[in-house]
Amino acid sequence: MSKPLGIFTEFNDLSATEQELVRLAWKAAESSALHQLCFQSKFPVGAAILAANDTGCAKVFLGCNVENDFFPPAICAERGAVMAAVVEGYTRFLSIAVVCQKVPGGSPCGLCRQVLRQFGLDAVLLSVVDQESNVRRSTSGELLPAASGAPLSCSTLSPCDQRMVRRLVALKSRSHVPYSRKPRAALFIADNARGKQAVFSGVSDDNASFGGSALAESVAMRAARTAGYSKAVRLMVTVEDPVGINPIAGECLQVLREFGAEAPVWLVGQDSSTVISSLEELLPDSFGPESL
Ligand code: THU
């Protein structure tokens, strides 16, 4: 699909610390398999994070994927390792090794990217790509980049697209956002199997549990799926800053990924100026159906 992130690096060319981190990530993946924590997917994943605390002390924390009878509470290896590190005050991530036992098995999913970036952009990410533990080396900052296009003023769009942008912006007021106070609206244009096209709308819906909240993009995409419109044509979403980094939550990009990776993503700013981006740009080297 999209070109892989980072630079291919042989295991032998990693530092001794990095080699140890990769070994520990394998061990963590083995835990997932051994304790049948990935009983649904049979896809064991392990992560090892080398992190520093405020006093400059560094320590390694492990995580593996832990699945559930219901799918949404499944925790990925990366997020498990993040939780283990931060609860002890190790919030500055230096390097992160990730192993999918089935290699090559893909890169961090959108949710994990979102959680990783919360703790900085310069951690070295070592994604194991084969049984020999060779890796691709990138950084956490590369996982959720900014869109590269220039903002288009609304008046330069076609009359039809201008109407869509106005409809999108008007929808924002229906958001239920008592906790985040971030109203957000999305329109998802999709085709069904007979080639019929429809527009699905969504607004953000906060929940007191925070994690149980739904973002506008996901609501719109899920409505399309429910109606049998599974071929993505375009996702349009209101964003705070269309040229800023990480304009859309990794979770929503991950949902879009399941529809394929081709549909354009329109990022509509506060003044209705629009940047036209893509999933490939916003979620490079994504984890998708063919990673499994
Ligand atoms: N998984 C991870 O642990 N990390 C990722 O970045 C992608 C996916 C897990 C979640 C689930 O248990 C299984 O792999 C299949 O998606």
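Residues numbered from 1 in each chain as written. Predicted model: local features only at pLDDT ≥ 70, side-chain atom pairs only at ≥ 80, totals over all residues. Heavy atoms only, no water.

Participant: Mind showing me how you'd approach the environment of I276 here?
Facilitator: Tracing the backbone through its elements, the reader meets I276 in strand β11 (residues 274-278). Using a relative accessible area of 39% as the deciding quantity, one classes I276 as partly exposed. Spatially, the C-alpha atoms of I276 and L143 are 19 Å apart, while their sequence positions differ by 133 residues. Beyond its immediate chain neighbours, meaning those up to four positions away, I276 contacts L152, P264, V265 and W266. (Helix = DSSP H or I, 4+ residues; strand = E, 2+ residues; numbered from the N terminus. Buried < 20%, exposed > 50% of the residue type's maximum accessible area, 1.4 Å probe, protein only. Contact = heavy atoms within 4.5 Å.)

Participant: Can you help me understand the domain arrangement of the protein in this one?
Facilitator: The extent of an interface is frequently quoted as the accessible surface area lost upon association of the parts. As far as domains go, the protein holds domain 1 (7-142) and domain 2 (154-291). On a C-alpha basis, the centroid separation for the pair domain 1 and domain 2 is 28 Å. With 14 residues of domain 1 in contact, the opposing surface of domain 2 contributes 13 residues. For the pairing of domain 1 and domain 2, the buried interface totals around 1000 Å² over both sides, and the portion due to carbon and sulfur atoms is 53%. (Domains from an automatic or database assignment. Buried area = accessible area lost by both parts, 1.4 Å probe.)

Participant: Is there a simple way to explain the side chain of D191 in this structure?
Facilitator: Structurally, D191 is set in strand β7 (residues 185-191). Here Q197 takes part through its side chain, which lies 2.8 Å from a polar atom of the side chain of D191. Setting aside residues no more than four positions away along its own chain, D191 makes contact with K196, Q197, Y229, S230, K231 and V233. (Polar contact = N/O pair within 3.5 Å; in protein donor to acceptor, adjacent residues only side chain to side chain.)

Participant: Honestly, the nonpolar core in this entry has me stumped. Any pointers?
Facilitator: A general trend in soluble globular proteins is that nonpolar side chains are found buried together. In this structure, F188, I248, L256 and L267 are the most contacted members of the largest nonpolar core, which totals 31 residues. Those elements giving two or more residues to this core turn out to be β7, β8 (197-203), α5 (216-227), β9 (231-238), α6 (250-257), β10 (264-268) and α7 (279-282). Not counting residues within four places of it along the chain, the set of residues in contact with F188 comprises A198, V199, F200, A220, M221, A224, A232, R234, L235, L256 and F259. L5, A81, F93 and L125 belong to the second-largest nonpolar core, a separate cluster that totals 23 residues. (Core = buried A, V, L, I, M, F, W, Y, C linked by side-chain atoms within 4.5 Å.)

Participant: Help me understand the state of the cysteines in this model?
Facilitator: As used here, a disulfide is simply a covalent bond connecting the sulfur atoms of two cysteines. What the rule picks out here adds up to zero disulfides. We note that C109 lacks a disulfide partner, and the nearest cysteine sulfur, in C76, lies 3.8 Å from it. Since its relative accessible area comes to 10%, C109 is described here as buried. Of all cysteine sulfurs, the one in C160 lies closest to C154, which takes part in no disulfide; the gap is 12 Å. (Disulfide = S-S within 2.5 Å.)

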